[in-house]
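Residue strings, one per chain:
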Amino acid sequence: MEPSGLLPGISSGAMDRILPMHLLIQAGGRVLSVGPTLRKLVTPGMRHVADGFSNGRPGGNEDLVAVILGAASDGERLFLRMRQTPCLNLRGHAVPAGRDAVLVNLGFGIGLPDAVRAAGLTDRDFAPPELAMELLFMREAMGGVLGELSHFNSQLEVARDVAEAQAHTDPLTGLHNRRGLELALSEARTLTGLRAGDRDGFALAHLDLDHFKAVNDLLGHAEGDRVLCHVARVLGDVIRSDDTAARVGGDEFVLILRRFEDVAGLERLARRIIAGIESVLSDGADGCRVSASVGIVLSRNYRDQPLERMLLDADAALYRSKREGRGRVTILTAPLTGETQGL
Amino acid sequence: MHRLVVRAVEEFLRDTYGANLWRQVEISCAVEQVAAAAPAGRLPGGAERMIAAAGAILEKPEGELYEDLGAWLARREAIRRLLRFSGRDFADFVLSLEELPDRAHFVIPDLEMPRIRVEREEDGTMRLLLDPLAPAWCAILGGLLRAMADDYGALGLVAVGGRAVQVQIPEASFAEGRDFHLEQGDVPNAAGLR
């Protein structure tokens, strides 16, 4: 039996088997013995412990030998970072061995998978009482199960997102539907209500096609659908990215125009929309022409009033446009009162 | 964005500020999603978008919300326990934070948590540096550390800077910390054996 030198009665072969991650050093730091698993990770023939390791605890004593001796005398945990593979910060403890030596036993901690990868470790490199294999098994098993679950979850999520987007979209035109409009309206209102400045106000425009019924009756529903899609394109072209355009009924549309309360500018915008819509059936050969009437209200006039009131007034403004001859724009600069409502 | 993170932010906002606030955040995010209009579109930015929306509604800086989120996380019993596995006392916990991303990735491989480097100065001040720089993670960590100092009963002074979190521990045992045993109390194991 080959004696291990400093540990009487235990051969170095036995030391390697029972403690494959040990490090036996002299009090001066000279390396007497390195366990076989650890040997796979340090430079061969390492002479001094500081050649292979540094103190793994930040900002502590830089003198590694002093740190190890300290740990051997006070029984505290020891952290040794591998110079060759700095991502490995081994943890362990140390005990005095013989007169002039210290025996250190180390483990990989949570860095185990990195160590296995770095040194190509196998089952044989770990002592049977160690939980290394169990940890690796758990990691892989959990990874597999979690991976499956998260794959399944993301499929569900995509399906849910699609359903949600569809629930807020008008299938014919791709604009928002009434539900989408309600959402956008509450958000616009929330932001306006929370910040007092006029900057966050918005305009609500209600638009209804004129003479649309005639198109459906005389030219058929396919042509009617084409007109509706044309209107959607006209609206899409004039709104900005945080505005909202919705189709809320057969030939009724609503626009939310954020940070836009300039009456003259709104009037110009509405005329542009009407002109764009009128261009769809220019020939007029069948006696069909389409136009639109618009009613607009401004959020700054409805600060203390419910949203429904804003929608009702936009609707009333729209019907005022219709009554005054169609193809017109009405912008209300004050909420309608009981007397003015009927106008 | 990991679904767990999104869920945590949702729970945090609902738990801290109530169902009403959460409803407003949902509206704000849903509108953005509908506006994005891509059929396969997820919430743009997920959790970040929620925090941004909540910050706008509450008129609270996002950094503060992330710190509150960190503290809230550390107060969930299940998470508090997992964190307590990392250190014997508060100083040990802070020094061991280097291992936290590895531990977290062990369970959630696609979490994308940045690496943490701990530096200790001569006066004992510890500085946590994140790689890559991640202000949101920094703020979350700051809030989490404050809550964990209380949990360990230590007096910990935590300062969140843009790129780092600084921790000082004037008193390691300032107050009585909360109990922690390796084995979870009153939960029988799967086999029903005790």
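Residues numbered from 1 in each chain as written. Chains lettered and ligands numbered in written order. Predicted model: local features only at pLDDT ≥ 70, side-chain atom pairs only at ≥ 80, totals over all residues. Heavy atoms only, no water.

Identification of chain B as Heme NO-binding domain-containing protein from Paracoccus marinaquae is taken from an unreviewed UniProt entry.

Named according to an unreviewed UniProt entry, chain A is diguanylate cyclase originating from Paracoccus marinaquae.

S.K.: Before we go on, may I ask you to explain a nonpolar patch on the surface in this structure?
M.R.: A grouping of Val145(A), Leu146(A), Leu149(A) and Val107(B) is seen on the molecular surface, where their side chains present a nonpolar patch of about 310 Å² in accessible area. Here the nonpolar patch takes three residues from helix α6 (residues 132-167) of chain A, the largest share from any one element. Position of Val145(A) among the secondary structure elements: in helix α6. (Patch = residues over 30% accessible without salt bridge, like charges linked within 9 Å, V, L, I, M, F, W, Y side chains within 5 Å. Areas by Shrake-Rupley, 256 points an atom, 1.4 Å probe, with all protein chains shown as cover. Salt bridge = Lys/Arg side-chain N within 4 Å of Asp/Glu carboxyl O. Helix = DSSP H or I, 4+ residues; strand = E, 2+ residues; numbered from the N terminus.)

S.K.: What am I meant to see in unusual backbone geometry here?
M.R.: If a residue is not glycine, its phi is most likely negative; likewise, a peptide bond is most likely trans. Its identity is not glycine, yet Arg326(A) carries a phi of approximately 65 degrees, on the positive side. Looking at the element boundaries, Arg326(A) is found in the loop between α11 (307-323) and β11 (329-331). Phi at Glu59(B) takes a positive value of approximately 50 degrees, unusual for a residue other than glycine. Within the secondary structure, Glu59(B) is located in the loop between α2 (47-58) and α3 (62-75).

S.K.: Hey, could you run me through the interface of chain A and chain B in this one?
M.R.: How big an interface is tends to be reported as the loss of accessible area on association of its parts. With 34 residues of chain A at the interface, the matching set in chain B holds 29 residues. Summing the contributions of chain A and of chain B, the shared interface buries around 3,000 Å²; its carbon and sulfur component is 56%. At the surface where chain A touches chain B, the tally comes to five salt bridges. If you look at where chain A meets chain B, you find eight residue pairs in polar contact (both at pLDDT 80 or more). Residue assignment for the side of chain A that touches chain B shows that the elements contributing at least two residues are β4 (78-82), β5 (89-97), α5 (112-119), α6 and α7 (178-194) of chain A. In terms of residue count, the dominant contributor to the side of chain A that touches chain B is α6(A) (12 residues). (Contact = heavy atoms within 4.5 Å. Buried area = accessible area lost by both parts, 1.4 Å probe. Polar contact = N/O pair within 3.5 Å; in protein donor to acceptor, adjacent residues only side chain to side chain.)

S.K.: Would you explain the packing of aromatic side chains in this entry?
M.R.: Think of a pair of aromatic rings as described by two things: how far the centres are apart, and how the planes are tilted against each other in angle. Residues and elements named next belong to chain B. Under the criterion given, the structure shown has seven aromatic pairs over all chains. Aromatic pair Phe85 and Phe180: ring centres 5.3 Å apart, planes at 85 degrees, arrangement edge-to-face. Here the residue Phe85 occupies a position in the loop between α4 (77-84) and α5 (90-95), and Phe180 occupies one in the segment after β4 (164-171), the gap between them amounting to 95 residues. The class of Phe85 is partly exposed, set by a relative accessible area of 38%. (Phe/Tyr/Trp six-rings, centres within 6.5 Å; stacked < 30°, edge-to-face > 60°. Buried < 20%, exposed > 50% of the residue type's maximum accessible area, 1.4 Å probe, protein only.)

S.K.: Explain the nonpolar core to me, please; I cannot follow it from the model alone.
M.R.: Side chains that are nonpolar tend, in soluble globular proteins, to be buried together. Residues and elements named next belong to chain A. Core analysis: the largest hydrophobic core is formed by 36 residues, its most contacted members being Leu207, Leu209, Val227, Leu235, Ile273, Ile277 and Ile296. Only β7 (202-210), α8 (212-219), α9 (221-238), β9 (252-258), α10 (263-278), β10 (291-298) and β11 provide two or more residues apiece to this core. It is α9 that contributes the most residues to this core, seven residues altogether. Excluding anything up to four places from it in sequence, Ile296 contacts Ala203, Leu204, Ala205, Leu266, Ala270, Ala317, Val329, Thr330, Ile331 and Leu332. Leu41, Val67, Val102 and Phe126 belong to the second largest nonpolar core, which has 34 residues in total. (Core = buried A, V, L, I, M, F, W, Y, C linked by side-chain atoms within 4.5 Å.)

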